[in-house]
Amino acid sequence: MKSGLRLLSIPALALALMAGVPPVPAQAQLRVEVSGVGSNQIPIAIAGFSNEDLSPQQISQIIRDDLARSGYFRLIDAGTVLSETAPVNFEEWKRKGAEALVVGSVQKLADGRFDVRYKLFDTSKAAMLSGFALPTLPTSTRVSAHKIADDVYEKLIGVRGAFATRIAYVTKSGGEYRLVVSDADGYNEVAALRSREPIISPAWTLDGSKVAYVSFEMKKPVVWVQNLLTGERRVVANFKGSNSAPAWSPDGSRLAIALSRDGLTQIYLINADGSGLQKLTSSNAIDTEPQFSADGQYVYFLSDRSGGPQIYRVSVHGGEAKRVTFNGSYNITPRISPDGKTLAYISRREGKFQLYALDLASGQETRLSDTTKDESPSFSPNGRYIMYATETGRQATLAVVSVDGKVRQKLSVQAADIREPTWGPYLK
């Protein structure tokens, strides 16, 4: 292993990612600021959970923080503790202005786990909308709270929330680069890799077990795959020239990558173990930044074959590539929503690099950012939010915007630049 590279110890990393806690208890290093709200915010009260002082984490507060951060809920002060078994005075909650009510309890089990129970009520209909119990390890109480928030979001908004998910990003502080994995709210941060050489283009497998990325530790861009549970990492692509832009197929069996081994950069497919290299595009242009379609049957990519950078699509079996973007003269970094209906990308117009979304069926395009140096978009697993890198002042930060453009978040790390975000899968 190169002297300029450091991995977190394998036992610590595996324990942290499986249990949902950092190796050393710490506050969230990722600071989240919310601006803007979704249309028709739902007024909701989250009562304190009965006996939640027994839990390492305050379940009800984590749920409140999640729902407030989403931008689609207006929190009503509950001012009380209420178990899911207690009778509910619906008229009282309606007078307080709450259209929905969350209640619950925490019980410590004989084996050391916690039994976290919750119920969601519609106060106007005096009816229960959802509820369940989660046997929870002491190290996973935050995850259980996120799962409850996901369920509340789903029952009231119509799609599953994205709170019980992970994100990965790269920070630079001084001369050190860190590939960081954390919960979506910035807690449980783990540095999966530290290096004095740049780390770029992290990409998750859909099962959350591995991350592919490009490291310059060999003094050139090389594609690596790292198992996040064991810490084991291996080179997948180290061919002549540049090896870059890894993107996983939906089933995690192979990667689309960009290689310059034969001169101009082109798109290739390669098995996850580095075998079975297959050239996908052959053009007289630069083809790069591949991204699999949601069904795995196509690869979207960036090419300058039309005279300027635009986004194209080609079958995984090869053949003619078809142009996808036509608005603007400079469109890069394609990313596909989980349902395959929306293409996100960065477009340069009037000197500004900004985030756009394209409805692939209708061709309708929407600008989603008001910043000017955007890059690296990534959809949340539920398709409702897009995370991207940008700059605030002179600091590199991350931002999140809802696909309707109404809710915005700024994510920053103190005294460090933060870039290359990728939104990972749901926590188990």
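Higher on the page you've got the structure.
### Topic: unusual backbone geometry
Right, on to step 1. Residue lysine 219 is not a glycine yet carries a positive backbone phi of 70°.
Right, on to step 2. Structurally, lysine 219 can be placed in the loop between strand S12 (210-215) and strand S13 (222-227).
Right, on to step 3. Relative accessible area serves as the criterion here: at 64%, lysine 219 is assigned to the exposed category.
Right, on to step 4. Positive phi outside glycine occurs at glutamate 289, with the angle close to 55°.

### Examining the packing of aromatic side chains
Right, on to step 1. Throughout the structure, instances matching the rule amount to 9 aromatic pairs.
Right, on to step 2. On the basis of an interplanar angle of 90° and a centroid distance of 6.4 Å, the ring pair of tyrosine 72 and tyrosine 153 is categorised as edge-to-face. Placement of the pair is tyrosine 72 in the loop between helix H2 (59-70) and strand S4 (73-76) and tyrosine 153 in helix H4 (residues 141-157), with a sequence separation of 81 residues.
Right, on to step 3. Ring geometry for tyrosine 153 against phenylalanine 163: centres 5.9 Å apart, planes inclined by 80°, an arrangement best described as edge-to-face.

### Focus on the pattern of salt bridges
Pairs can form between side chains of opposite charge whenever their charged atoms are close.
Right, on to step 1. This structure, assessed with the given rule, holds 17 salt bridges.
Right, on to step 2. Of the charged contacts, one joins lysine 373 and glutamate 391 as a salt bridge, the two residues approaching to 3.7 Å between their closest N and O atoms. Of the two residues, lysine 373 sits in the loop between strand S26 (365-367) and strand S27 (375-379) while glutamate 391 sits in strand S28 (residues 385-392), which places them 18 residues apart along the sequence.
Right, on to step 3. Given the relative accessible area of 49%, lysine 373 is considered partly exposed.
Right, on to step 4. Ionic pairing is found between glutamate 375 and arginine 419, a salt bridge with its closest N-O pair at 3.2 Å. One end of the pair, glutamate 375, is in strand S27; the other, arginine 419, is in strand S31 (residues 417-426), and 44 residues separate them in sequence.
Right, on to step 5. Given the relative accessible area of 27%, glutamate 375 is considered partly exposed.
Right, on to step 6. Among the residues examined, arginine 419 registers a relative accessible area of 25% and is labelled partly exposed.
Right, on to step 7. Because the salt bridges share partners, they merge into one network encompassing Lys373, Glu375, Glu391 and Arg419.

### A closer look at the layout of surface pockets
Right, on to step 1. Looking at the largest pocket, its volume works out to about 1000 Å³.
Right, on to step 2. If you trace the largest pocket, you find 42 residues lining it, with Ala203, Gln291, Arg335, Ser378 and Thr422 closest to the centre.
Right, on to step 3. Elements supplying a minimum of two residues to the lining of the largest pocket: strand S11 (199-204), strand S15 (243-248), strand S19 (287-292), strand S23 (331-336), S27 and S31.
Right, on to step 4. For the lining of the largest pocket, the per-class residue count stands at 23 nonpolar, 14 polar and 5 charged.

### Here's the deal with empty space enclosed by the protein
Right, on to step 1. Considering all chains together, one arrives at 2 cavities of 30 Å³ or more under this definition.
Right, on to step 2. Taken as a whole, the largest cavity spans an internal volume of roughly 120 Å³.
Right, on to step 3. Lining the largest cavity, in full, are Arg69, Ser70, Ala162, Phe163, Ala184, Tyr385, Met387, Val400, Gln409, Leu411 and Trp423.
Right, on to step 4. Listing elements by their share of the lining of the largest cavity, those giving two or more residues are H2, S28 and strand S30 (408-413).
Right, on to step 5. Partitioned by chemical class, the residues of the lining of the largest cavity number 8 nonpolar, 2 polar and 1 charged.

### Quick notes on the packing of H2 against H4
Right, on to step 1. For the pair H2 and H4, interaxial distance at closest approach is 9 Å and the crossing angle is 45°. Taken together, H2 and H4 sit at an angle that is classed as oblique. When the axes of H2 and H4 are compared, the crossing they make is right-handed. Residue-level contacts link Ile59, Ile62, Ile63, Asp66, Leu67 and Ser70 of H2 to Thr141, Arg142, Ala145, His146, Ile148, Ala149, Val152 and Tyr153 of H4.
Right, on to step 2. Considered class by class, the residues forming the contact of H2 with H4 number 9 nonpolar, 3 polar and 2 charged.

### Points about H2
Right, on to step 1. Taking 1.5 Å as the rise per residue, H2 with 12 residues should run 16 Å; its terminal C-alpha atoms sit 17 Å apart, in good agreement.
Right, on to step 2. Most of H2 is tucked away: 9 of the 12 residues are buried.
Right, on to step 3. Residues of H2 that are buried: Ile59, Ser60, Ile62, Ile63, Arg64, Asp66, Leu67, Arg69 and Ser70.
Right, on to step 4. Positive phi shows up at glycine 71, right after H2, with a value of about 85°.

Rules behind the numbers
- Residue positions are given per chain, counting from 1 as you read along its sequence in written order.
- Per-residue local features of the predicted model are confined to residues with pLDDT of at least 70, and side-chain atom pairs are confined, for both listing and counting, to 80 or more; whole-chain, interface and lining totals are unaffected and use all residues.
- Neither water nor hydrogens contribute to the side-chain values; these are computed over all heavy atoms in the structure.
- We count a stretch as a helix when DSSP gives it H or I for four or more residues in a row; a strand needs E for two or more, and each element gets its number in order from the N terminus.
- In this scheme, a residue with accessible area under 20% of its type's maximum is buried, one over 50% is exposed, and one in between is partly exposed, where area comes from a 1.4 Å probe on protein chains only.
- Stacked, tilted and edge-to-face pairs are distinguished by plane angle, under 30 degrees for stacked and over 60 for edge-to-face with tilted covering the rest, among Phe, Tyr and Trp rings (Trp via its six-membered ring) whose centres lie within 6.5 Å.
- By convention in these notes, a salt bridge is any Lys or Arg side-chain nitrogen within 4 Å of a carboxyl oxygen on Asp or Glu.
- A pocket here means an open set of points on a 1 Å grid, computed over the protein atoms alone, that has protein on both sides within 12 Å along at least five of seven lines. A cavity is instead a set of points where a 1.4 Å probe fits but cannot get out; residues with an atom within 4 Å of a point line either one.
- Grid points are joined across faces, edges and corners, and a volume is the space filled by probe spheres set on the points.
- Three classes are used: nonpolar for Ala, Val, Leu, Ile, Met, Phe, Trp, Tyr, Cys and Pro, charged for Asp, Glu, Lys and Arg, and polar for all others, with Gly counted as polar.
- Note on definitions: angles span 0 to 180 degrees between N-to-C directions of axes, and those axes are lines fitted to C-alpha atoms, for helices only across the stretch in contact.
- Here is the rule for angles: anything less than 35 degrees is roughly parallel, anything more than 145 is roughly antiparallel, 65 through 115 is roughly perpendicular, and the remaining ranges are oblique.
- Should the near helix be turned anticlockwise from the far one by less than a right angle, the crossing is termed left-handed; should it be turned clockwise, right-handed.
- Any pair of residues with heavy atoms lying within 4.5 Å of one another is described as a contacting pair.
- Given a helix with a known number of residues, its expected span is that number minus one, times 1.5 Å.

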